[in-house]
Amino acid sequence: MKTEIFQINDLSTENLRSLEKAAQYIKDGETVVFPTETVYGLGADALDPEAVKKIFEAKGRPNDNPLIVHLNEEAEIEALVSDIPPKARILMEHFWPGPLTMVLNKSALVPDAVTAGLDTVAIRIPDHPVARAFIRMAGCPIAAPSANRSGRPSPTSAGHVLTDLDGLVSAMIISADTEIGLESTVIDMTVEPPMLLRPGDITVCALRDVLGQVIVAPNVTDNVCPEKVASPGMKYRHYSPQGDLIVVKGNKTEIIEKITKALKHSKKARMKIGVLATNETMNCYKEGITISLGSESDPKELAKNLYSRLRTFDDLGVEIIYAEDIPMNNETLALINRLYKAAGYHFI
Ligand code: TXA
Ligand code: MG
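In what follows, the accompanying structure is described. (Residues numbered from 1 in each chain as written. Chains lettered and ligands numbered in written order. Predicted model: local features only at pLDDT ≥ 70, side-chain atom pairs only at ≥ 80, totals over all residues. Heavy atoms only, no water.)

### Some remarks on the overall build of the chain
The condition that has to hold: Only DSSP runs of H or I with at least four residues qualify as helices, and only runs of E with at least two residues qualify as strands; both kinds are numbered from the N terminus onward. Using C-alpha atoms as the atom set, the radius of gyration is obtained and then compared with a globule rule of 2.2 Å times the number of residues to the power 0.38. To sort residues, take the accessible area from a 1.4 Å probe on protein chains only and compare it with the maximum for the residue type: under 20% means buried, over 50% means exposed, and anything in between is partly exposed. Contacts were defined at the residue level, with two residues in contact if any of their heavy atoms lie within 4.5 Å. Calculation of accessible area relied on Shrake-Rupley with a 1.4 Å probe; when residues are assessed, cover is drawn exclusively from the protein chains displayed.
The number of helices and strands found in the chain is 12 helices and 15 strands. For 348 residues, the compact-globule estimate of 2.2 N^0.38 gives 20 Å, and the C-alpha radius of gyration of the chain, at 20 Å, lies within 12% of that figure. When its C-alpha atoms are laid out on the principal axes, the chain stretches across 60 × 45 × 40 Å. Looking at the chain as a whole, 54% of its 348 residues qualify as buried. Sequence separation of at least 24 residues holds for 67% of the intrachain contacts in the chain that already meet a minimum separation of 6. Approximately 15100 Å² of the chain is accessible, and the part contributed by carbon and sulfur atoms is 52%.

Below, the structure written as structure tokens:
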């Protein structure tokens, strides 16, 4: 398949014409990659099961994993859900448009292909001018997972989507690097109290500030994936680089010592090794390829860089990556959740 590429950084008149062309692909039941403030998405008409099928094919995604439906305006939600709990309205008011996805009871209009047969649907309004204009022009809700091949780190730049999906989708809207760099916060509003299913830029504390009680799904905070022991394997490995990613735990001195020792071993074994460090620690390592995630004092910067750094290690052919563990708090929860998943919960 030839992928038509549209480079759109702002909503100039000329760009709006290109965006119309990209939106036409959606109207024709085809797939289009588009930027959002979190990560790039791979979109298709959410109400057209045949179009949605093409998303799963392009990604190589198992079809038991449901998709997020993206809207341009709040009013569009009414047709897609059977009810909107008052607390969901509060979240809409505070966080939409933005990196928050709500799981709600679906209406009959939403096809099973989108929800993987669930009675619920995940919905968000992205806070990205190009995404919003694109959805408006398409004239339908757009189902979109992250625009990576299944299992790979989510794409945060044009290069990432080209690497993963060029030739597999009808069109791509290419824009600047994504602002947040991790996927949206997902919260289930069909249960009481609401349950956080996936942490993101909108933090647990921010949600509790407006909702009161919010439960965090157990798998979000588990340091060790319980199933891992019984059935190690691909199922829990997500967002992963091609090399082996290992998270190194301990206090700062211990982490540096452990990595230094591991680097010596790996060097003897003639492995190509990498270290995922921070600005503060990156000069502590004398061997291997050390890359900084950013400054420890700026959790948003660390989050924004995670996926692109993992892909950089791939580009360099690194076989083992040692990642320094990151202290867990409200601001770093999402980052840690993705880092641990990428590592398949492999710790030393
Ligand atoms: O930031 C984002 O959310 C990006 C951009 C493109 O919007 N999208 C994204 O989609 O990350 P994806 O498919 O990679 O992740 C969707 C997440 C999955 O964890 C999925 O299991 C969950 O949302 N999800 C979708 N529908 C659900 C439902 N009905 N109930 C529970 N979880 C659901
Ligand atoms: Mg994804």
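That was the structure; now back to the text.
### Some points on the sheet that holds strand β9 (residues 185-188)
Cut-off, in case you're wondering: Pairing between strands is defined by DSSP: at least two bridges between the two strands are required. Axis lines are fitted through C-alpha atoms, for helices just across the contact stretch, and the angle between N-to-C directions can take any value from 0 to 180 degrees.
Spatially, 11 strands are ordered β1-β8-β2-β3-β7-β4-β6-β5-β9-β10-β11 in an open sheet, and the strand pairing comes out mixed. For this open sheet the edge positions go to β1 (4-7) and β11 (215-216), each flanked by a neighbour on one side alone. As defined by bridge partners, β9 adjoins strand β10 (residues 195-198) across three bridges and the pair is classed as antiparallel. Note on β10: the bridge partner recorded for D188 is M195. Where helix α2 (residues 49-59) meets the sheet, its contacts fall on β3 (41-45) and β7 (142-143), and the angle it forms with β3 comes to roughly 155°.

### Notes on the packing of helix α3 (residues 86-95) against helix α7 (residues 204-211)
Worth spelling out the cut-off: Should an angle fall under 35 degrees it is taken as roughly parallel, and over 145 as roughly antiparallel, whereas 65 to 115 is taken as roughly perpendicular and any remaining angle as oblique. Crossings are sorted by hand: turned counterclockwise from the far helix by less than a right angle, the near helix makes the crossing left-handed, and turned clockwise it makes it right-handed. Side-chain classes are defined by residue name, with Ala, Val, Leu, Ile, Met, Phe, Trp, Tyr, Cys and Pro counting as nonpolar, Asp, Glu, Lys and Arg as charged, and the others, Gly among them, as polar.
As a packed pair, α3 and α7 sit with axes 10 Å apart at the nearest point and diverge in direction by 120°. Our classification of the angle between α3 and α7 gives oblique. Crossing hand, α3 versus α7: right-handed. Of α7, the residues touching α3 (which contributes K87, I90, L91, H94 and F95) are A206, L207, V210 and L211. Counted by class, the contact of α3 with α7 contains seven nonpolar, one polar and one charged residues.

### Quick look at the site of ligand 1
The cut-off we apply is this: Each residue is tested against the molecule or strand, and it is near if at least one of its non-hydrogen atoms lies within 4 Å. Whenever a nitrogen or oxygen atom comes within 3.5 Å of another N or O atom, the pair is scored as a polar contact, on the condition that within protein one atom can donate a hydrogen and the other can accept it, and that pairs from neighbouring residues in sequence are kept only if both atoms are in side chains.
In the vicinity of ligand 1, 22 residues are found, and the nearest of them are T38, R61, H70, S184 and R198. T120 has a polar side-chain atom sitting 3.0 Å from a nitrogen atom of ligand 1. Between ligand 1 and R124 there is a distance of 3.1 Å, counted from an oxygen atom to a side-chain nitrogen or oxygen. Here ligand 1 has 680 Å² of accessible area as a free molecule, and 87% of this is covered by the chains. Elements with a contribution of two residues or more to the shell around ligand 1: β4 (68-70), β6 (120-124) and β10. For the shell around ligand 1, the element with the most residues is β6, which contributes four residues. Residues of the shell around ligand 1, tallied by class, amount to 11 nonpolar, seven polar and four charged.

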